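Chain by chain, the residues:
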Amino acid sequence: MQNFINNQIKDSYEVKKSILENDELTTLIKIVAEKAIEVYRSNKKTLLAGNGGSAADAQHIAGEFVSRFYFDRPGIPSIALTTDTSILTAIGNDYGYEELFARQIQANGVEGDMFIGISTSGNSKNIIKALHACKEKGIITVGLTGQSGGQMAELCDYCIKVPSNETPRIQESHILIGHIICAVVEEALFGKGF
């Protein structure tokens with residue numbers, strides 16, 4: 001059992017090491033963070049969505065923006081589209097699960113917002129529909145996916161593909177990337193800057 005535990009930690013470390021050593025990937029994270037700064041400086045917001053563990057990640061990242069990350073500062077507008085059970089069940093019942101996020105983007109998204117869709121496979125149907133809704137409204141689209149990027153790779157303005165095919169390792173890296181973006185945005189908007 002100890003070896004199993006150690007290997008889980010090692011596997012997580014190896015994926016993060018791969019991200020660190022990939023200049024193209026770390027540059028893409030920087031570009032997405034810079035875009036998020038532009039979004040917030042334009043008085044727009046981020047919208048996030050995912051399913052299962054990725055829904056939890058969407059809520060986690062939105063919480064970091066709205067509350068605080070490293071230090072006290074004004075809240076930064078961010079909405080996880082996974083949290084309102086009345087909205088979720090109404091859309092699911094009336095339009096189907098695939099429309100869960102697209103309908104909310106139609107209702108609450110505005111041009112210049114940023115949507116962050118999280119899917120380890122890159123093929124979640126409700127995220128794909130959301131990306132199409134974003135294109136219609138002029139919303140910047142960011143994907144957090146696994147290694148292949150799935151269908152999202154072609155649909156997102158920016159697709160950050162974690163170099164792994166294992167769901168737990170991908171999700172662990174998604175929250176790392178989300179934390180980095182939150183930290184950069186917070187520092188740029190309310191800290192000493194870079």
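Look up a bit, the structure's there.
On a predicted model such as this, the values are computed, not experimentally measured, just so you know.

**A look at the sheet that holds strand 1 (residues 46-50)**
Point 1. Strand order in the open sheet made by the five strands is 2-1-3-4-5, with parallel pairing throughout. Whereas interior strands pair on both sides, the edge strands pair on one side only; in this sheet they are strand 2 (78-80) and strand 5 (158-161). The mean angle between the axes of side-by-side strands here comes to 15°, regardless of whether they run parallel or antiparallel.
Point 2. Set on the sheet, helix 8 (residues 167-190) makes contact with strand 3 (114-118), strand 4 (140-145) and strand 5; between it and strand 4 the angle comes to about 140°.

**Re the environment of E154**
Point 1. Summarising the element assignment, E154 is placed in helix 7 (residues 152-155).
Point 2. Among the residues examined, E154 registers a relative accessible area of 71% and is labelled exposed.

**Quick notes on the pattern of salt bridges**
Point 1. Counted according to the given criterion, the structure contains ten salt bridges.
Point 2. Close ionic contact of E99 with K129 constitutes a salt bridge, the shortest N to O distance being 3.1 Å. Here the residue E99 occupies a position in the loop between helix 4 (85-94) and helix 5 (100-108), and K129 occupies one in helix 6 (residues 125-137), the gap between them amounting to 30 residues.
Point 3. For E99, a relative accessible area of 22% translates into the label partly exposed.
Point 4. Look at K129 and you get partly exposed, because its relative accessible area is 33%.

**Section: unusual backbone geometry**
Point 1. Located in the positive-phi region is N43, a residue other than glycine, with phi close to 60°.
Point 2. Mapped onto the fold, N43 is located in the loop between helix 2 (23-41) and strand 1.

**Quick look at the packing of aromatic side chains**
Point 1. For the coordinates displayed, the defined rule picks out two aromatic pairs.
Point 2. Here F69 and Y70 contribute two aromatic rings whose centre-to-centre distance is 4.9 Å and whose plane-to-plane angle is 80°, an arrangement assigned as edge-to-face.
Point 3. Classification of Y70 by relative accessible area gives exposed; the value is 62%.

**Some thoughts on the nonpolar core**
Point 1. One finds F65, I160, I181 and V185 to be the most contacted residues of the largest nonpolar core, which totals 33 residues.
Point 2. Broken down by secondary-structure element, the contributors of at least two residues to this core are helix 1 (2-20), helix 2, helix 3 (53-66), strand 3, strand 4, strand 5 and helix 8.
Point 3. In terms of residue count, the dominant contributor to this core is helix 2 (nine residues).
Point 4. Excluding residues within four positions of it along the chain, I181 makes contact with I29, V32, A33, A36 and F65.

**As for the packing of helix 1 against helix 8**
Point 1. The geometry of helix 1 relative to helix 8 is characterised by a closest axis approach of 10 Å and an angle of 50° between their N-to-C directions. One finds that helix 1 runs oblique with respect to helix 8. The two elements helix 1 and helix 8 meet at a crossing, and its hand is right-handed. Of helix 8, the residues touching helix 1 (which contributes Q8, D11, S12, V15, K16 and I19) are R169, E172, S173 and L176.
Point 2. Taken together, the residues of the contact of helix 1 with helix 8 sort by class into three nonpolar, three polar and four charged.

What counts and what doesn't
Residues numbered from 1 in each chain as written. Predicted model: local features only at pLDDT ≥ 70, side-chain atom pairs only at ≥ 80, totals over all residues. Heavy atoms only, no water. Pairing = 2+ DSSP bridges. Helix = DSSP H or I, 4+ residues; strand = E, 2+ residues; numbered from the N terminus. Axes fitted to C-alpha atoms, helices over the stretch in contact; angles between N-to-C directions. Contact = heavy atoms within 4.5 Å. Buried < 20%, exposed > 50% of the residue type's maximum accessible area, 1.4 Å probe, protein only. Salt bridge = Lys/Arg side-chain N within 4 Å of Asp/Glu carboxyl O. Phe/Tyr/Trp six-rings, centres within 6.5 Å; stacked < 30°, edge-to-face > 60°. Core = buried A, V, L, I, M, F, W, Y, C linked by side-chain atoms within 4.5 Å. Parallel < 35°, antiparallel > 145°, perpendicular 65-115°, else oblique. Left-handed = near helix turned anticlockwise from the far one by under 90°. Nonpolar A, V, L, I, M, F, W, Y, C, P; charged D, E, K, R; others polar.

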